[in-house]
Amino acid sequence: MIWSIPKKLIVGTVILLSLALVFIFALLLSPYKYDEQNLRERLQPPNSKHIFGTDGFGRDIFTRILFGGRISFLIAALVTLTALIMGLSIGVVSGYCGGFVDEILMRITDIVLSLPSLVVSLAIIAAIGPSIPNLVLVLAITSWPKYARMIRAMIMEIKNKDFILLLPLMGAGDRYIVLKHIIPNTIQPVLVLASFDFGRKVISIASLGFLGAGVQPPTPEWGTMIREGFSYVFTSPHLVVIPGIMATVSLVASNLVGEGLQSMLMGRPSVKL
Amino acid sequence: MTLFTLSVVSFLLFLIAPGDPATLIAWERMGGEFPPEEVVEAVKEELGLDVPPHVLYFKWLWMYLSRDWGKSFVTGQPVVELIADRFPMTLFLALAAFAIAFPISLLTGFLAGIKKDTSTDALILLGLSLIDSLPSFFLGILLMILFAVKLHILPAAGSSIPESLILPALTLSAGYIAVTSRITRASVVDTLSKDYILTAMAKGLRRREILLRHVVRNSLIPVITYAGLELAWLLEGSVIVETLFAWPGIGSLLANAIMSKDLPVIQACVIIIGGLFITINTFTDFLYHVINPEVRY
């Protein structure tokens, strides 16, 4: 079957992929190092030597954007993946087992879902420290419930369909049913959610960075760059505007991918998740 | 139940934080010298910290309920006072944002809904997704650059009312508008497709009358419940917005406390913001059941 690929999906994917490629090959694209200071050339507006200008320490902003994007995209991808796996396992167990197990798991999911995620992440990070594995962990902890709920709801729906009910009669075990029939049938909406989620995680990382609880300097990260550049907002606004634009573009691109995937896979007009 | 989890989480902050509290206190008393083991043990015994964690938790909970929230590690001020100082400012900001956002959301939502699939609708939807794609810290910075740096009409930071309130409240309201307008639009579209609207049109009622009497009322029900739910979001959003505009509320208190690792203050902020968040959620859920008893989860 040939699907007509929605324009949104193409545009979003192209933006995200090209950003990712540019970030991966950051070393080849920039003649500077991200922590190379040059105090004689500090706070320069964008020019031919530094296309995005320089920051308060004379560091090249373009280079820092590239390396910052690398960190952001890496963390966001890891978080989305971890949350997806956590949500998938919990959702499958909950939906497939039902009964008491379902009751307990869904209660836990509801509790996590009703905690304010940014505040909880901030608090946990304040206690365990803002290293990159910790950031991934904390963001994944606050993101998995959406996946778990969605997967559970879908499993409840297909569990009683004839083709699943007949599988045990063929001699199929639980493991086989879940892996070969249930997961493939639930994965599409989950992918849609994950594409929306990727951009949101980029923003969460930047928000944490802006609050000083994200990736720590001197490692560049967009939110941290905004935080550092904030004291120059009156004189050199490019210090904060450029990382802001990058974060926004990533979010928009990831939303486009999500909406595009949604209309392609489900043949429905896009609904905001 | 959720409140209980929140309290356990914030209590655990103390346990998982690096550095044992007794060591910290002993260290403080020794005037910054590294305390020997016996002193730490003595402090533990004195403060009653030498008990298993679950007993400690109940002790801590009891202290919290009796309004003894400890003292800030940094300023030595009682945390209760700090919170009491800052909390009204956050509430004020959230209410101001709500006052800006709610009427705008209703207006744009209704307009888009009754003009569904026209250019007005498309324009509003486009505007909403634009607002939605701007992360709040970035939107705030843009507003600040425009109004404070370029135009010099409004202050970039501070706590004077009303000038300093406008920019943070606008920033905070953006996300709210994006979500609530969409919900209003969806609800209006849904109401318009109902049979009683067809009946009203068949009766020969004028368009204005149908809209005011039937559409507005019926489509408001879901909007109001969501409006409550989103109100909780304003509290969370205030952490970033307050930090950005140096608005002296709970959000900026939390952000500063995190920078100085001031655990008692962090704990109190988490409990206050989280507690309110959960209370609003629960209340909205309850309200939803009252308005629409058919809903079962």
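Residues numbered from 1 in each chain as written. Chains lettered and ligands numbered in written order. Predicted model: local features only at pLDDT ≥ 70, side-chain atom pairs only at ≥ 80, totals over all residues.

Caption draft 1: The overall build of chain A, seen in detail. A tally of regular secondary structure across chain A gives ten helices and zero strands. Going from the N terminus to the C terminus, chain A shows its helices and strands as α-α-α-α-α-α-α-α-α-α. Counting only C-alpha atoms and orienting by the principal axes, one finds that chain A spans roughly 75 × 45 × 30 Å. Residues classed as buried in chain A amount to 45% of the 273 residues present. A separation of at least 24 residues holds for 69% of the contacts in chain A among residues at least 6 apart in sequence. (Helix = DSSP H or I, 4+ residues; strand = E, 2+ residues; numbered from the N terminus. Buried ≥ 20, exposed ≤ 12 C-beta atoms within 10 Å, placed from the backbone. Contact = placed C-beta atoms within 7 Å.)

Caption draft 2: View of the overall build of chain B. When you go through chain B residue by residue, the secondary structure sums to twelve helices and zero strands. Reading chain B from its N terminus to its C terminus gives the helix and strand order α-α-α-α-α-α-α-α-α-α-α-α. Expressed as a percentage of its 297 residues, the buried residues of chain B come to 37%. Pairs at least 24 apart in sequence give 70% of the contacts found in chain B among residues at least 6 apart.

Caption draft 3: Spatial organisation of the interface of chain B and chain A. Taken together, the contact pairs 35 residues of chain B with 31 residues of chain A. Residue assignment for the side of chain B that touches chain A shows that the elements contributing at least two residues are α1 (2-16), α7 (136-150), α10 (207-245), α11 (250-259) and α12 (263-291) of chain B. Residues belonging to the side of chain B that touches chain A are distributed by class as follows: 25 nonpolar, seven polar and three charged. (Nonpolar A, V, L, I, M, F, W, Y, C, P; charged D, E, K, R; others polar.)

Caption draft 4: Summary view of the nonpolar core. Leu 122 of chain A together with Ala 97, Leu 254, Ile 266 and Cys 269 of chain B are the most contacted members of the largest nonpolar core, which totals 126 residues. Residues contacting Cys 269 of chain B, with those up to four places away along its chain left out, are Ile 250, Leu 253, Leu 254 and Ala 257 of chain B. (Core = buried A, V, L, I, M, F, W, Y, C linked by C-beta atoms within 7 Å.)

Caption draft 5: Examining helix α5 (residues 79-114) of chain B more closely. Taking 1.5 Å per residue, 36 residues should reach 52 Å; α5 of chain B reaches 51 Å between its end C-alpha atoms and fits that length. Taking the largest bend as the criterion, α5 of chain B deviates by roughly 30°, centred on Arg 86 of chain B, and proline Pro 88 of chain B comes between one and four positions later. (Expected span 1.5 Å × (residues − 1). Bend = angle between axes of the 7 residues up to and from the residue.)

Caption draft 6: Looking closely at the packing of α5 of chain B against α10 of chain B. Residues and elements named next belong to chain B. Closest axis-to-axis distance for the α5/α10 pair is 10 Å, and the angle between their directions is 145°. Two packed elements cross with a definite hand, and for α5 against α10 that hand is right-handed. Taking contact as the criterion, the partners of Thr 90, Leu 93, Ala 94, Ala 97, Phe 98, Phe 102 and Ile 114 in α5 are, on α10, Leu 211, Ala 227, Leu 231, Leu 234, Leu 235 and Ser 238. Per-class residue counts for the contact of α5 with α10 are eleven nonpolar, two polar and no charged. (Axes fitted to C-alpha atoms, helices over the stretch in contact; angles between N-to-C directions. Left-handed = near helix turned anticlockwise from the far one by under 90°.)

Caption draft 7: Examining the packing of α5 of chain B against helix α6 (residues 119-133) of chain B more closely. Residues and elements named next belong to chain B. For the pair α5 and α6, the least separation of the axes is 8 Å and the interaxial angle reads 140°. Comparing their axes, α6 and α5 come out oblique. Crossing geometry of α5 relative to α6 is assigned as left-handed. Together, Thr 108, Leu 111 and Ala 112 of α5 and Thr 120, Asp 121, Ile 124 and Leu 125 of α6 make up the contact between the two elements. Of the residues belonging to the contact of α5 with α6, the class tally is four nonpolar, two polar and one charged. (Parallel < 35°, antiparallel > 145°, perpendicular 65-115°, else oblique.)

Caption draft 8: Quick peek at the confidence of the model for chain B. Residues and elements named next belong to chain B. Averaged over all residues, the pLDDT of chain B equals 76, while 70% of them reach at least 70. Of all the helices and strands in chain B, helix α2 (residues 21-29) carries the lowest mean pLDDT, 58, while α5 carries the highest, 86. Taken together, the chains of this predicted complex give a pTM of 0.81 and an interface ipTM of 0.78. (pLDDT = per-residue confidence, 0-100.)

Caption draft 9: Spatial organisation of the environment of Gly 258 of chain A. Residues and elements named next belong to chain A. The residue Gly 258 is located in helix α10 (residues 238-266) in this model. Among the residues examined, Gly 258 registers 26 C-beta atoms within 10 Å and is labelled buried. Along the backbone, Gly 258 and Leu 81 are 177 residues apart, and their C-alpha atoms lie at a distance of 15 Å. In contact with Gly 258, not counting residues within four places along its chain, are Val 192, Ser 195 and Phe 196.

Caption draft 10: Just the confidence of the model for chain A, in detail. All names here are of chain A. Taken residue by residue, chain A gives an average pLDDT of 82. The fraction at 70 or more is 95%. Per-element confidence in chain A is highest for helix α3 (residues 61-97), whose mean pLDDT is 89, and lowest for helix α2 (residues 26-29), whose mean pLDDT is 74. Every residue in residues 268-273 scores below 50 in pLDDT, and together they form eight contacts with partners more than four places removed in sequence or on other chains.

Caption draft 11: Here's a closer look at helix α1 (residues 7-24) of chain A. All names here are of chain A. Taking 1.5 Å per residue, 18 residues should reach 26 Å; α1 reaches 26 Å between its end C-alpha atoms and fits that length. Those residues of α1 that fall on the buried side of the exposure criterion are Lys 8, Leu 9, Gly 12 and Leu 16. One side of α1 carries all its buried residues, which in axial view fall inside an arc of 95°. Turned more than 90 degrees from where α1 packs its buried face, Lys 7, Leu 17, Ser 18 and Leu 21 sit exposed. (Arc of directions from axis to C-beta.)

Caption draft 12: Structural context of unusual backbone geometry. Phi at Ala 246 of chain B takes a positive value of approximately 50°, unusual for a residue other than glycine. Among the secondary structure elements, Ala 246 of chain B is positioned in the loop between α10 and α11.

Caption draft 13: Region of the structure containing the environment of Ala 112 of chain B. Residues and elements named next belong to chain B. By secondary structure assignment, the location of Ala 112 is in helix α5. Residue class for Ala 112 comes out buried when judged on the 26 C-beta atoms lying within 10 Å of it. Note: C-alpha distance between Ala 112 and Ser 181 (69 residues apart in sequence) is 8.6 Å. Residue contacts for Ala 112: discarding those within four places in its chain leaves Thr 120, Asp 121, Ile 124, Leu 125 and Arg 185.

Caption draft 14: Inspection of the environment of Leu 154 of chain B at higher detail. Residues and elements named next belong to chain B. You can see Leu 154 is positioned in the loop between α7 and α8 (163-192). Classification of Leu 154 as partly exposed rests on a count of 18 C-beta atoms within 10 Å. Along the chain, Leu 154 and Leu 253 lie 99 residues apart, while their C-alpha atoms are 23 Å from each other.

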